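Per-entry structural report
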Amino acid sequence: MESKAGPSCRLVFCLLISAAVLRPGLGWYTVNSAYGDTIIMPCRLDVPQNLMFGKWKYEKPDGSPVFIAFRSSTKKSVQYDDVPEYKDRLSLSENYTLSISNARISDEKRFVCMLVTEDNVFEAPTIVKVFKQPSKPEIVSKAPFLETEQLKKLGDCISKDSYPDGNITWYRSGKVLQPLEGVVVLIFKKQMDPVTQLYTMTSSLEYKATKTDIQMPFTCSVMYYGPSGQKTLQSEQAIFDIYYPTEQVTIQVLPSKNAIKEGDNITLTCLGNGNPPPEEFLFYLPGQPEGIRSSNTYTLTDVKRNATGDYKCSLIDKKSMIASTAITVHYLDLSLNPSGEVTKQIGDALPVSCTISASRNATVVWMKDNIRLRSRPSFSSLHYQDAGNYVCETALQEVEGLKKRESLTLIVEGKPQIKMTKKTDPSGLSKTIICHVEGFPKPAIQWTITGSGSVINQTEESPYINGRYYSKIIISPEENVTLTCTAENQLERTVNSLNVSAISIPEHDEADEISDENREKVNDQAKLIVGIVVGLLLAALVAGVVYWLYMKKSKTASKHVNKDLGNLEENKKLEENNHKTEA
């Protein structure tokens with residue numbers, strides 16, 4: 001319960017006020033509080049048994065007291081005096097601890113706790129100190145730039161709302177800036193707000209810059225006192241543009257000199273190392289003695305290989321300050337023959353060439369259906385597996401983006417070719433009939449039973465790969481049947497039939513279609529056998545010719561001998577006749 005102090009209470013208190021004594025052993029006691037916090041002041045007196053009431057006061061600068069709070073020991077009531085600056089800010093506990101909310105600078109006073117008995121008054125003084133942390137220091141009124149060898153105001157460092165006042169220090173790259181005549185000039189001032197009694201500190205810095213100050217951070221800090229002692233707040237960094245004259249010119253090329261190719265746009269950039277840099281330059285192109293006046297950039301569009309040469313630039317007012325660079329315009333030509341979409345028949349020959357012309361050695365890569373080939377494709381006799389999308393690609397490794405590629409889409413066509421095979425299941429309960437088909441475009445396969453002409457739909461087909469696939473059916477015929485396989489594409493319609501015996505009649509199984517790999521092996525073996533047979537036939541032919549010549553010669557000699565023998569017999573007969581005549 002709160003109320004105003006009554007007259008009787010004041011009378012008793014006034015009678016005893018002159019007898020107030022300071023409790024022995026109680027010296028000055030200080031309470032430190034942050035601005036805006038709650039000030040808590042314990043009474044620091046032992047409560048006597050015959051206590052009548054407790055009271056708090058503060059002392060004005062002239063020493064006169066101002067009572068602010070009263071608490072009775074018997075009624076347990078609290079009464080606050082009508083002091084405007086403490087209205088609704090006071091709280092007095094049962095142990096006579098006084099709390100003041102929302103601490104202000106004006107609360108820095110000497111407060112006294114008083115405990116009153118019937119025959120005595122005991123006092124315990126407390127000194128209140130209030131501290132206000134200043135705002136984070138900030139560099140304001142910053143110079144847009146600094147110039148070498150010129151003393152110029154860099155900016156102001158300001159920190160507000162401090163109590164008590166603080167000090168400001170400037171730093172360059174973390175090192176304290178000390179005053180130096182003609183180089184570092186510091187001007188410090190502080191100002192107190194008459195209403196809030198808070199201080200604002202400002203420090204102005206004048207500084208003579210050099211080129212070493214480029215990208216150097218400048219900061220400032222404020223040192224202040226708080227309830228726990230001395231503290232420091234640091235500002236954000238400030239980096240200033242440093243102006244200095246041009247001492248050297250350089251020329252740059254975009255894109256990179258090693259990556260320029262025909263059709264590119266070349267941008268020449270001329271730079272002076274001063275700050276601010278020069279805004280205009282003279283550009284010299286190969287074979288042109290007169291410079292072209294331009295800003296710091298000059299662009300050549302859609303350059304050709306004859307643009308290779310030396311390029312230069314200089315200052316307009318100082319042509320002796322010049323820079324140069326050599327530029328090579330790279331080129332790459334590719335010709336694929338044939339190219340585009342080409343349709344050939346199976347077994348045809350197709351020569352392919354990819355011709356390269358470049359400013360330096362180029363790499364050549366062949367791809368088929370996005371898979372890299374080991375060598376250039378060559379087709380002496382086309383197969384279905386040769387069909388696909390071929391790409392000849394060339395590039396200059398050192399020149400990014402300089403690539404050329406041309407493609408050849410090869411289509412290998414062929415009329416449908418059919419081979420039919422049959423195989424009896426080991427169980428003897430069914431037979432598998434397979435129709436192997438080659439051709440491109442992909443032939444459509446149709447099965448029929450000869451005689452009935454019905455189409456068999458329940459078939460199983462393999463994937464169509466390299467112009468080949470098959471269709472398979474499984475049957476259990478009760479009588480002899482003839483199966484017909486028809487394959488048809490845009491080029492031709494091919495038909496083949498196969499007689500299949502009833503399941504009860506054993507028959508010879510025909511070999512299944514062999515794979516491409518095995519087909520090649522068989523072809524190789526066949527070639528070997530044919531070679532051996534041809535060799536034997538040639539040997540037999542030679543032996544026959546020799547034998548024929550020998551026999552012919554023998555017969556001729558026999559005829560001559562027989563003729564001679566006949567002549568001898570005729571002579572003998574003539575001689576005998578002659579002798580008979582003579583007799």
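Basis of the calculations
Residues numbered from 1 in each chain as written. Predicted model: local features only at pLDDT ≥ 70, side-chain atom pairs only at ≥ 80, totals over all residues. Heavy atoms only, no water. Helix = DSSP H or I, 4+ residues; strand = E, 2+ residues; numbered from the N terminus. Contact = heavy atoms within 4.5 Å. Salt bridge = Lys/Arg side-chain N within 4 Å of Asp/Glu carboxyl O. Buried < 20%, exposed > 50% of the residue type's maximum accessible area, 1.4 Å probe, protein only. Disulfide = S-S within 2.5 Å. Core = buried A, V, L, I, M, F, W, Y, C linked by side-chain atoms within 4.5 Å. Domains from an automatic or database assignment. Pairing = 2+ DSSP bridges. Axes fitted to C-alpha atoms, helices over the stretch in contact; angles between N-to-C directions. Phe/Tyr/Trp six-rings, centres within 6.5 Å; stacked < 30°, edge-to-face > 60°. Lys NZ or Arg CZ within 6 Å of the ring centre and 35° of its normal. pLDDT = per-residue confidence, 0-100. Patch = residues over 30% accessible without salt bridge, like charges linked within 9 Å, V, L, I, M, F, W, Y side chains within 5 Å. Areas by Shrake-Rupley, 256 points an atom, 1.4 Å probe, with all protein chains shown as cover.

Per an unreviewed UniProt entry, the recorded name for the protein is CD166 antigen, and the organism is Odobenus rosmarus divergens.

A count of helical and extended segments in the protein gives two helices and 42 strands. Sequence separation of at least 24 residues holds for 61% of the intrachain contacts in the protein that already meet a minimum separation of 6.

This part is about the pattern of salt bridges. Enumeration according to the criterion identifies 21 salt bridges in this entry. Note that Asp81 and Lys55 form a salt bridge whose closest N and O atoms lie 4.0 Å from each other. One end of the pair, Asp81, is in the loop between strand 6 (78-80) and strand 7 (90-92); the other, Lys55, is in strand 4 (residues 51-59), and 26 residues separate them in sequence. Like Asp81, the residue Lys55 is buried in the burial classification.

Turning to the state of the cysteines, a few remarks are in order. Scanning the entire structure with this criterion turns up five disulfides. For Cys157, the disulfide goes to Cys220, at an S-S distance of 2.0 Å. Between Cys157 and Cys220 the disulfide shows an S-S torsion of about 75°. By sign, it is right-handed. Residue Cys157 is found in strand 13 (residues 151-162), and its partner Cys220 is found in strand 18 (residues 217-226); the two are separated by 63 residues along the sequence. For the pair shown, Cys157 and Cys220 are each scored as buried.

Glancing now at the nonpolar core. Grouped together as the largest cluster of nonpolar side chains are 54 residues, with contacts concentrated most on Met41, Trp56, Ile68, Leu98, Phe111 and Tyr207. A domain-level breakdown of this core finds at least three residues from each of domain 1 (30-131) and domain 2 (138-243). Setting aside residues up to four positions removed in sequence, Tyr207 forms contacts with Leu146, Gln150, Leu151, Lys152, Leu154, Arg172, Leu177, Val183, Val184, Asp213 and Phe218. Formed by 20 residues, the second largest nonpolar core is a distinct cluster that contains Val249, Leu268, Cys270 and Leu315.

Attention shifts here to the side chain of Thr126. One can find Thr126 in strand 10 (residues 121-131). Those residues in contact with Thr126, other than ones at most four positions away along the chain, are Tyr29, Val31, Met41, Pro42, Arg44, Lys109, Arg110 and Phe111.

All right, on to the sheet that holds strand 8 (residues 98-100) then. With antiparallel pairing, the three strands of this open sheet are ordered in space as 3-8-7. The open sheet is flanked by strand 3 (39-41) and strand 7, the only strands paired with a single partner. Here the average twist between neighbouring strands, direction ignored, is 15°. Both strand 7 and strand 8 contribute to a ladder of three bridges, which runs antiparallel. When the bridges of strand 8 are listed, Ser91 appears paired with Ser99.

On to the side chain of Ser314. Mapped onto the elements, Ser314 comes out in strand 27 (residues 309-315). Looking at Ser314, the relative accessible area reads 0%, which means it is buried. Setting aside anything within four residues of it in sequence, one finds Ser314 in contact with Cys270, Phe281, Leu282, Tyr284, Lys319, Met321 and Ile322.

Moving on: the sheet that holds strand 23 (residues 266-272). Taken in spatial order, the three strands make up an open sheet running 22-23-26, and their pairing is antiparallel. Unpaired on one side and paired on the other, strand 22 (249-254) and strand 26 (297-300) mark the two borders of the sheet. Averaged over neighbouring strand pairs, the angle between their axes works out to 20° when direction is ignored. In the sheet, strand 23 pairs with strand 26 via four bridges, with the strands oriented antiparallel. Residue Leu268 lies in a different strand from strand 26, and its bridge partner there is Tyr298.

Right, let's talk about the packing of aromatic side chains for a bit. Inspection of the entire model under this criterion finds eleven aromatic pairs. When the centroid spacing of 4.9 Å and the interplanar angle of 45° are considered together, the rings of Phe53 and Phe70 count as tilted. Taken together, the positions of Phe53 in strand 4 and Phe70 in strand 5 (residues 65-72) put the pair 17 residues apart, joining distant regions of the chain. Judged on exposure class, the residue Phe53 and its partner Phe70 are both buried. Relative to Phe240, the ring of Phe218 lies with its centre 5.8 Å away and its plane at 75°, an arrangement referred to as edge-to-face. With Phe218 in strand 18 and Phe240 in the loop between strand 20 (238-239) and strand 21 (242-243), this residue pair connects regions lying 22 residues apart in the sequence. What makes Phe218 buried here is its relative accessible area of 1%. Through pairs of rings, three or more aromatic residues link up here, namely Tyr58, Tyr86 and Phe111. The aromatic ring of Tyr58 is capped on one face by Lys109, whose charged end is 5.0 Å from the ring centroid. Above the plane of the ring of Tyr469 lies Lys442, whose end atom (NZ or CZ) is 4.7 Å from the centre.

Take the environment of Glu406 next. Along the polypeptide, Glu406 turns up in strand 35 (residues 403-424). Relative accessible area serves as the criterion here: at 28%, Glu406 is assigned to the partly exposed category.

Before going further, it helps to examine the confidence of the model for the protein. Here the protein shows a mean pLDDT of 84. Residues at 70 or above account for 84%. Per-residue pLDDT stays below 50 along residues 514-523; that stretch engages in seven contacts with residues further than four places along the chain or on separate chains. This stretch, residues 556-583, has a pLDDT under 50; its non-local contacts, to residues over four places away or in other chains, come to zero contacts.

Turning our eyes to something else, we now look at unusual backbone geometry. Here the amide bond leading from Tyr163 into Pro164 is cis, since omega sits at -10°, within 30 degrees of zero. For the peptide bond that leads from Asn337 to Pro338, omega is -5°, which places it in the cis range. Tracing the backbone through its elements, the reader meets Pro338 in the loop between strand 29 (332-337) and strand 30 (340-345). With a phi close to 55°, Asp161 is a non-glycine residue in the positive phi region. With respect to the helices and strands, the residue Asp161 is situated in strand 13. The class of Asp161 is partly exposed, set by a relative accessible area of 37%.

The element strand 23 is extensively covered by neighbouring structure, given that five of its seven residues are classed as buried. Strand direction decides the pairing type here: strand 22 and strand 23, joined by six bridges, are antiparallel. Considered in strand 23, the bridge of Val253 is made with Leu268.

On the surface, a cluster of nonpolar side chains totalling about 520 Å² of accessible area is made up of Leu538, Leu541, Val545, Trp548 and Leu549. Residue position: Val545 is located in helix 2 (residues 516-582). A residue is classified by how much of its surface remains accessible, and Val545, at 41% relative accessible area, is partly exposed.

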